[in-house]
Amino acid sequence: AQSVTQLDSQVPVFEEAPVELRCNYSSSVSVYLFWYVQYPNQGLQLLLKYLSGSTLVKGINGFEAEFNKSQTSFHLRKPSVHISDTAEYFCAVIMNTGNQFYFGTGTSLTVIP
Amino acid sequence: NAGVTQTPKFRILKIGQSMTLQCTQDMNHNYMYWYRQDPGMGLKLIYYSVGAGITDKGEVPNGYNVSRSTTEDFPLRLELAAPSQTSVYFCASSLGRGSETQYFGPGTRLLVL
């Protein structure tokens, strides 16, 4: 079975500072990896996903993530955050032959003016 | 194109009551999912469907039932509500299996007293 660990439950960061949200996964088979964002009182929206190929994936709103197979990680980064980035961020994994997604427990990003 | 819609937005149930959470998508997606989101726990998959007439259990199916008679609709049934089912429920759909993006509805907040 797969599992996802998001190491930080809360990350406060000042506006225009860089941020990294960490995600590690465990799986014995090849997987697809996703980052979703949830704004208050809304459903989740896709930020980016890694399926294959280049390990650096760029997503919406200036976010990017790097897949590291040896460290089983898929950390999310943004070089300069904005107030509007305040939200909950979820990492998710699925076997590349599977139907079930497994989500991490989420990281609450708070951008401080 | 409304995407994924869920009704109701909020509901309070008494222990032992039953209800159906409605989910409809207008994107002609084959795959549909039901998740519950509890504070600090991320999203857990309850049931999913890969097409009309086909459903399967996720991580936490106990206490719930689903049906998929059409491509568009995927209702979730709670037969005997329990306080442990207090949660936010999200429906999602995707075009196909794992590599495809999931599109989430706005959620249903359920309180069981």
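Residues numbered from 1 in each chain as written. Chains lettered and ligands numbered in written order. Predicted model: local features only at pLDDT ≥ 70, side-chain atom pairs only at ≥ 80, totals over all residues. Heavy atoms only, no water.

Caption draft 1: Spotlight on the overall build of chain B. What chain B contains, in helices and strands, is 0 helices and 11 strands. In sequence order, chain B lays out its α and β elements as β-β-β-β-β-β-β-β-β-β-β. The globule rule puts the C-alpha radius of gyration for 113 residues at 13 Å, and the 13 Å found for chain B is close to it. In chain B, which comprises 113 residues, the share counted as buried stands at 48%. Intrachain contacts of chain B at a sequence separation of at least 6 include 55% that bridge at least 24 residues. Computing the positive centroid from 10 side-chain charges and the negative centroid from 8, chain B places the two 9 Å apart. (Helix = DSSP H or I, 4+ residues; strand = E, 2+ residues; numbered from the N terminus. Rg over C-alpha atoms; globule rule 2.2 N^0.38 Å. Buried < 20%, exposed > 50% of the residue type's maximum accessible area, 1.4 Å probe, protein only. Contact = heavy atoms within 4.5 Å. Lys, Arg positive; Asp, Glu negative; His and termini not counted. Charge placed at Lys NZ, Arg CZ, Asp CG, Glu CD.)

Caption draft 2: Seen up close, the sheet that holds strand β1 (residues 4-7) of chain B. Residues and elements named next belong to chain B. Taken in spatial order, the 4 strands line up as β1-β3-β8-β7 in an open sheet, and their pairing is antiparallel. The two strands at the open ends of the sheet, each matched to only one other strand, are β1 and β7 (64-66). Averaged over all neighbouring strand pairs, the angle between strand axes comes to 20°, with direction disregarded. In the sheet, β7 pairs with strand β8 (residues 76-78) via 3 bridges, with the strands oriented antiparallel. Bridge assignment links N65 to a residue of β8, and that residue is R77. (Pairing = 2+ DSSP bridges. Axes fitted to C-alpha atoms, helices over the stretch in contact; angles between N-to-C directions.)

Caption draft 3: Spotlight on a nonpolar patch on the surface. The grouping of I12, L111 and L113 of chain B at the surface amounts to a nonpolar patch, some 300 Å² of accessible area in total. Considering the arrangement of structural elements, one finds I12 of chain B in strand β2 (residues 10-13). (Patch = residues over 30% accessible without salt bridge, like charges linked within 9 Å, V, L, I, M, F, W, Y side chains within 5 Å. Areas by Shrake-Rupley, 256 points an atom, 1.4 Å probe, with all protein chains shown as cover. Salt bridge = Lys/Arg side-chain N within 4 Å of Asp/Glu carboxyl O.)

Caption draft 4: Region of interest: the state of the cysteines. Residue and element names in this part refer to chain B. Counting across every chain of the model gives 2 disulfides over all chains. A disulfide bridge connects C23 with C91, and the sulfur atoms are separated by 1.8 Å. The S-S bond linking C23 to C91 shows a torsion near -70°; that makes this disulfide left-handed. Taken together, the residues C23 in strand β3 (residues 19-25) and C91 in strand β9 (residues 87-94) connect sequence positions 68 residues apart. According to the relative accessible area criterion, C91 is buried, its value standing at 0%. (Disulfide = S-S within 2.5 Å.)

Caption draft 5: Local environment of the pattern of salt bridges. Within the structure shown, the criterion is met by 8 salt bridges over all chains. Between D85 of chain A and K78 of chain A there is a salt bridge, with its nearest N and O atoms 2.8 Å apart. Residue classification places D85 of chain A among the buried positions, given a relative accessible area of 3%. In this structure, D38 of chain B and R36 of chain B form a salt bridge, with 3.1 Å as the shortest nitrogen-oxygen distance. Relative accessible area serves as the criterion here: at 18%, D38 of chain B is assigned to the buried category. Taken together, the shared-partner salt bridges in this structure form one network comprising E20, E66 and R77 of chain A.

Caption draft 6: Layout of unusual backbone geometry. With an omega dihedral of -5°, the bond running from T7 of chain B to P8 of chain B counts as a cis peptide bond. Along the chain, P8 of chain B turns up in the loop between β1 and β2. Of note in the backbone geometry, E16 of chain A takes a positive phi value of approximately 75° without being a glycine. Along the chain, E16 of chain A falls in the loop between β2 (10-14) and β3 (19-21).

Caption draft 7: Expanded view of the packing of aromatic side chains. Per the stated rule, a full pass over the model turns up 15 aromatic pairs over all chains. For the pair Y25 of chain A and F67 of chain A, a centre-to-centre distance of 6.3 Å together with 25° between the ring planes defines the contact as stacked. Remark: F67 of chain A occurs in strand β8 (residues 64-68) and Y25 of chain A occurs in strand β4 (residues 24-26); sequence separation between them is 42 residues. Taking relative accessible area as the criterion, Y25 of chain A reaches 7% and is therefore assigned buried. Look at F67 of chain A and you get buried, because its relative accessible area is 12%. Measuring from centroid to centroid gives 5.5 Å for F63 of chain A and Y89 of chain A, while their planes differ by 45°, and the two rings are tilted. Here F63 of chain A, found in the loop between β7 (56-58) and β8, pairs with Y89 of chain A, found in strand β10 (residues 87-95); they are 26 residues apart in sequence, far enough to count as distant. A single burial state applies to F63 of chain A and to Y89 of chain A, both of which are buried. Ring-pair connections join several aromatic residues into one group, and the members of that group are F34, Y36, F101 and F103 of chain A together with Y31, Y33, Y35, Y48 and F104 of chain B. One Lys or Arg, R68 of chain B, reaches over the ring of F74 of chain B and ends 6.0 Å from the middle of that ring. (Phe/Tyr/Trp six-rings, centres within 6.5 Å; stacked < 30°, edge-to-face > 60°. Lys NZ or Arg CZ within 6 Å of the ring centre and 35° of its normal.)

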